[in-house]
Amino acid sequence: MVGETSTAPIVAIDIPIHGMTCASCVGRVEKAIRAVEGVTAANVNLATERAHVEFAPSGADPAAVAEAIRAVGYEPSESTVELKIDGMTCASCVNRVEKALTRVPGVVGASVNLATERAAVRYLGSGAIVSRLIGAVEQTGYEAKPVQREGGQADREREAREAELASLRRSLVLSAVLTLPVFVLEMGSHFVPAIHDWVMDTMGHRESWYLQFALTTLVLFGPGLRFYLKGLPALVRLGPDMNSLVALGTLSAYGYSLIATFASTRLPEGTVNVYYEAAAVIVTLILLGRFLEAKAKGRTSEAIKRLMGLQAKTARVLRDGAAREVPLDRVEAGDLVQVRPGERIPVDGIVVDGSSYVDESMITGEPLPVEKAAGQEVVGGTVNRTGSFTFQATRIGADTVLAQIIRMVEQAQGSKLPIQALVDRVTAWFVPAVMAAAALTFLVWLVFGPDPALTFALVNAVAVLIIACPCAMGLATPTSIMVGTGRAAELGVLFRQGEALQSLKEVGVVALDKTGTLTQGRPALTDFVTAPGFSEAEVLGLVAAVESRSEHPIAQAIVAAAERRGLPLSSPDGFEAVPGFGVSALVEGRKVEVGADRFMARLGYDTAEFMPAATRLGLEGKSPLYAALDGRLAAIVAGAGPVKATTPEAIAALHALGLKVAMITGDNRRTAEAIARRIGIDEVVAEVLPDGKVEVVKRLRRAHGSIAFVGDGINDAPALAEADIGLAIGTGTDIAIESADVVLMSGDVRGVVNAIALSKATIRNIRQNLFWAFAYNVLLIPVAAGVLYPLDGTLLSPMVAAGAMALSSVFVLGNALRLRGFKAPIATETGSPAASVPAAAAA
């Protein structure tokens with residue numbers, strides 16, 4: 001992410017939309033939303049069937065967006081939540097609460113009832129809005145509690161998808177049952193003499209047409225009615241979509257057949273033919289394609305389903321002195337929750353009583369259970385292994401770590417990559433161009449075609465309308481993104497920004513912070529050498545007293561060493577920290593200064609007497625610090641964070657991908673270079689102050705091209721934001737994670753390799769899909785128009801065209817689903833969120 005970031009708050013909502021079927025639908029919805037006043041950006045995703053809408057801070061009007069979506073023929077999905085409001089006493093209270101609720105971005109309507117003390121709120125977007133609604137009510141001086149939480153929204157969306165799939169299945173079966181006799185009667189009569197004879201002997205030629213007419217009418221205006229209800233209004237609005245092509249093609253064949261059946265004298269001699277079977281088979285095959293698409297779309301979001309499966313369904317809450325089993329959405333912040341062995345922890349919290357070992361592999365990737373005792377945090381979704389304990393709920397609902405992970409994956413899956421811009425430009429004119437091509441085909445065959453010219457003109461024009469498939473174009477990119485980011489989540493790699501999925505494959509250099517990324521975040525004190533005349537215990541006690549106020553890893557190691565020796569630590573006065581240099585304070589009246597050699601130089605102290613020790617420590621890869629007491633150098637101190645066991649393998653794998661690897665650290669050069677030699681780093685930038693990392697990132701970009709930066713600390717946040725791609729170690733600070741584009745949940749630097757490899761695989765998959773979608777149309781539309789007929793008499797039947805169209809979309813979805821089998825170049829000990837679902841939980 002390069003460049004300045006705006007400080008103005010961005011108001012954004014995600015709106016589920018029903019009825020979109022192809023890329024032209026996506027373009028039409030996006031155009032309609034962007035035309036709404038106050039909307040600054042709109043991104044519609046066909047695979048997730050959602051629109052991500054951003055508003056100007058003062059211009060959010062979700063109701064206007066919903067109306068704009070309906071105006072172009074699609075249906076935004078509204079949700080309702082009920083809140084219990086406490087503290088209202090009169091009609092003015094009701095009015096005040098209603099106004100507060102309607103001002104929340106995403107709310108389209110709110111109704112407050114004083115008698116029941118309930119508020120019913122209709123909103124667009126995800127259930128995360130519930131916490132904002134509660135906050136808005138509390139700001140007006142009242143209390144609010146959700147009667148139902150956002151889990152209901154997820155259930156409703158899942159139910160809507162299942163209902164759509166069931167509807168498609170019913171329509172497909174009915175259509176197939178009605179179409180089969182039509183197909184056998186017409187095509188069988190042409191190609192199977194026995195069927196022809198049977199038809200002529202039992203019902204007659206004309207009566208066969210009457211039966212075909214009846215059955216085809218049931219197909220078109222029963223299961224096929226969905227195409228006309230969507231496609232014909234789109235034509236009237238001059239915004240044709242895939243449904244319009246199907247409607248035009250089938251109605252053309254059906255209408256021509258009607259004339260041939262009931263008014264044959266109006267047609268030129270030799271052109272009296274019926275195409276009922278073409279219209280019916282087209283509807284059946286396209287319904288088959290839609291059904292297969294719907295099933296495949298469900299499979300693309302399986303990573304989200306598995307993440308949802310990690311959430312506990314109930315919690316054992318202590319209320320009124322008794323433990324009660326309550327639904328997860330009834331747990332409130334501050335509740336005391338009991339967890340027994342083998343149970344999944346329901347929400348985030350802090351242990352208050354008891355102890356146990358908890359499997360946190362879904363969050364940290366560490367395979368060994370972690371001991372939990374009073375005062376320690378537990379994370380919802382993790383599994384309690386042995387003992388039992390009670391904890392106080394601190395984060396519930398949308399605020400839990402697991403809910404944030406799910407939201408992160410959903411946002412990445414719904415994003416639009418830069419590569420999609422090409423698709424958007426093409427599909428903006430694609431359907432009108434297909435209709436123009438069909439009209440031209442009809443005219444050319446009518447004027448220049450052989451007898452019966454009208455029949456040839458109709459059949460080929462219908463084939464052109466049906467063969468064109470913007471469905472495949474619209475699904476090519478988003479389905480690959482959904483499957484790719486879902487697979488990434490299973491590998492412990494969370495893409496916070498979908499764009500990173502494309503940008504990551506372009507990086508030329510990977511820059512890594514040292515402490516906490518390449519090495520263990522908590523170093524240990526390894527050396528403490530005092531100058532003549534100073535007692536080691538005395539100096540260590542005074543230095544530890546000062547460092548007890550510092551958050552630096554070496555400082556914590558010094559304090560730990562003093563505590564192990566039982567040294568008393570006095571409280572320092574006048575503590576002062578100079579970022580990147582050191583710290584100073586008064587301890588028991590004595591001036592204590594601790595820091596790097598540059599800090600000593602700034603203070604005017606000569607470190608020459610410690611030069612041999614500093615050289616030795618640097619060559620050993622240790623970080624030396626100096627301590628001064630009352631204006632005299634008293635000791636040289638060194639700590640080392642051992643290099644993570646996985647680091648050398650990760651560096652070697654990055655080199656295998658053809659990438660340069662750089663290390664950026666605030667340590668002195670000798671220490672940094674010693675570590676770099678040991679693990680194979682190409683370039684070392686040492687003694688960098690926190691604010692200097694940004695300049696280093698810029699310099700590396702100029703030298704090597706696009707840069708990815710990997711870090712975990714607060715001082716890494718600016719560099720993470722400045723880099724083209726920022727990757728945060730998931731075990732690092734919240735600030736670093738918020739500044740990054742990609743989060744490595746396991747804290748394993750090998751995840752960088754897997755993220756880059758998955759990025760390359762996903763973009764390769766997208767390009768394959770786009771090639772197929774475009775090549776399919778470029779090759780088959782001319783064939784459907786009849787360009788091969790003068791050469792070898794080849795024509796494409798509308799039925800074959802319908803089958804090929806359905807196959808195109810299914811092929812794209814099937815190719816995207818191959819990413820589910822992506823094998824990580826380096827196997828990590830990841831117990832990534834989705835991958836760590838036990839069989840029982842998944843069931």
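These figures come from a predicted structure and were not determined experimentally.

Conventions we followed
- Residues numbered from 1 in each chain as written.
- Predicted model: local features only at pLDDT ≥ 70, side-chain atom pairs only at ≥ 80, totals over all residues.
- Heavy atoms only, no water.
- UniProt positions renumbered as here; feature names shortened; annotations may be inferred.
- Helix = DSSP H or I, 4+ residues; strand = E, 2+ residues; numbered from the N terminus.
- Axes fitted to C-alpha atoms, helices over the stretch in contact; angles between N-to-C directions.
- Parallel < 35°, antiparallel > 145°, perpendicular 65-115°, else oblique.
- Left-handed = near helix turned anticlockwise from the far one by under 90°.
- Contact = heavy atoms within 4.5 Å.
- Nonpolar A, V, L, I, M, F, W, Y, C, P; charged D, E, K, R; others polar.
- pLDDT = per-residue confidence, 0-100.
- Pairing = 2+ DSSP bridges.
- Core = buried A, V, L, I, M, F, W, Y, C linked by side-chain atoms within 4.5 Å.
- Buried < 20%, exposed > 50% of the residue type's maximum accessible area, 1.4 Å probe, protein only.
- Arc of directions from axis to C-beta.
- Patch = residues over 30% accessible without salt bridge, like charges linked within 9 Å, V, L, I, M, F, W, Y side chains within 5 Å.
- Areas by Shrake-Rupley, 256 points an atom, 1.4 Å probe, with all protein chains shown as cover.
- Salt bridge = Lys/Arg side-chain N within 4 Å of Asp/Glu carboxyl O.
- Phe/Tyr/Trp six-rings, centres within 6.5 Å; stacked < 30°, edge-to-face > 60°.
- Lys NZ or Arg CZ within 6 Å of the ring centre and 35° of its normal.

## Some words on the UniProt feature "transmembrane region" (unreviewed entry) in the protein
Here, UniProt's "transmembrane region" (unreviewed entry) annotation points to residues 171–189, 209–229, 241–262, 274–292, 426–448, 454–477, 770–789 and 795–817. Along residues 241–262, the helical share is 95% and the strand share 0%, with 31 Å between the first and last C-alpha atoms. With 85% helix and 0% strand, residues 770–789 has its two end C-alpha atoms placed 28 Å apart.

## A short note on the packing of helix 9 (residues 242–262) against helix 15 (residues 453–467)
It is at 8 Å that the axes of helix 9 and helix 15 come closest, and there the two elements cross at 160°. By the criterion of interaxial angle, the relationship of helix 9 to helix 15 is roughly antiparallel. Considering the relative orientation of helix 9 and helix 15, their crossing is left-handed. Contacts from Met242, Leu245, Val246, Leu248, Gly249, Ser252, Ala253 and Tyr256 of helix 9 reach helix 15 at Leu454, Thr455, Leu458, Val462, Leu465 and Ile466. When its residues are assigned to classes, the contact of helix 9 with helix 15 shows 11 nonpolar, three polar and no charged.

## A few points about the confidence of the model for the protein
When pLDDT is low, close inspection of the predicted coordinates is not appropriate. Looking at the protein as a whole, the pLDDT averages 79, with 84% of positions reaching at least 70. Across the protein, element-level confidence peaks in strand 23 (residues 590–595) with a mean pLDDT of 92 and bottoms out in helix 30 (residues 839–842) with 29. For the stretch residues 148–153, pLDDT sits under 50, and the model shows 16 contacts to residues farther than four places along the chain or on other chains. Counting interchain partners and residues more than four positions distant, the pLDDT-below-50 stretch residues 830–843 has 35 contacts.

## Re the sheet that holds strand 10 (residues 322–327)
The pairing of strands in a sheet happens through backbone hydrogen bonds and is either parallel or antiparallel. Across the sheet, which stays open at both edges, the six strands sit in the order 10-9-11-17-12-15 with antiparallel pairing between neighbours. In this open sheet, the two strands that pair with only one neighbour each are strand 10 and strand 15 (377–378). Pairing between strand 9 (residues 314–319) and strand 10: six bridges, direction antiparallel. Bridge pairing in strand 10 links Thr314 to Pro327.

## Considerations on the sheet that holds strand 16 (residues 383–384)
On the basis of which strands lie adjacent, the open sheet formed by three strands has the order 14-13-16 and antiparallel pairing. Either end of the sheet is taken by a strand with one partner, and the two such strands are strand 14 (370–372) and strand 16. Sheet analysis places strand 13 (residues 356–359) next to strand 14, joined by three bridges and oriented antiparallel. Following the sheet pairing, Tyr357 is matched in strand 14 by Glu371.

## Notes on the nonpolar core
Ile33 and Leu727 are the most contacted members of the largest nonpolar core, which has 143 residues in total. For this core, the leading source of residues is helix 27 (residues 750–785), giving 16 residues. Residues within four places of Ile33 in sequence aside, it is in contact with Val39, Ala42, Val44, Ala51, Val53, Val65 and Ile69. With 40 residues, the next largest nonpolar core counts Ala531, Val543, Phe581 and Val637 among its residues.

## What about the environment of Val65?
For Val65, the position within the fold is in helix 2 (residues 62–71). For Val65, a relative accessible area of 0% puts it in the buried group. Sequence-wise, Val65 and Val29 are 36 residues apart; in three dimensions their C-alpha atoms are separated by 9.9 Å. If we ignore the near neighbours within four places in the chain, the residues touching Val65 are Ile15, Ile33, Val36, Val39, Val53 and Phe55.

## Focus: helix 22 (residues 647–656)
Listed in full, the buried residues belonging to helix 22 are Thr647, Ala650, Ile651, Ala653 and Leu654. Projected down its long axis, helix 22 carries its buried residues within an arc of 160°, all on one side. Buried residues along helix 22 sit against strand 19 (509–513), strand 26 (660–664), helix 23 (669–679) and helix 27. Of the residues one or two after helix 22, Gly658 is the one with positive phi, at around 80°.

## Quick word on a nonpolar patch on the surface
On the surface, a nonpolar cluster with roughly 510 Å² of combined accessible area is contributed by Leu440, Val444, Leu446, Val447 and Phe448. The topology assignment puts Val444 in helix 14 (residues 420–448). Given the relative accessible area of 38%, Val444 is considered partly exposed.

## Some remarks on the packing of helix 21 (residues 611–619) against helix 23
Contact geometry for helix 21 and helix 23: axes closest at 7 Å, N-to-C directions at 25°. Relative to helix 23, the element helix 21 lies roughly parallel. Here Ala614, Thr615, Gly618 and Leu619 of helix 21 come into contact with helix 23, specifically with Arg670, Thr671, Ala674 and Arg677. Looking at the contact of helix 21 with helix 23 residue by residue, the classes come out as three nonpolar, three polar and two charged.

## Let's talk about helix 2
For helix 2, the set of buried residues is Pro62, Val65, Ala66, Ala68 and Ile69. In an axial view of helix 2, the angular spread of the buried residues amounts to 160°, which keeps them on one side of the axis.

## Some details on the packing of aromatic side chains
The relative placement of two aromatic rings is captured by the distance of their centres and the angle of their planes. Tallying each qualifying case throughout the model produces 13 aromatic pairs. Judged by centre distance (5.1 Å) and plane angle (80°), the rings of Phe213 and Phe262 are edge-to-face. One end of the pair, Phe213, is in helix 7 (residues 205–221); the other, Phe262, is in helix 9, and 49 residues separate them in sequence. The exposure class of Phe213 is partly exposed, given its relative accessible area of 23%. Put simply, the rings of Tyr210, Phe213, Phe221, Tyr228, Tyr254, Phe262 and Tyr276 touch in pairs and so form one group of aromatic residues. A cation sits over an aromatic face here: Arg598 above Phe581, 5.8 Å from the ring centre. The ring of Phe581 carries the charged tip of Arg602 above its face, separated from the ring centre by 4.1 Å.

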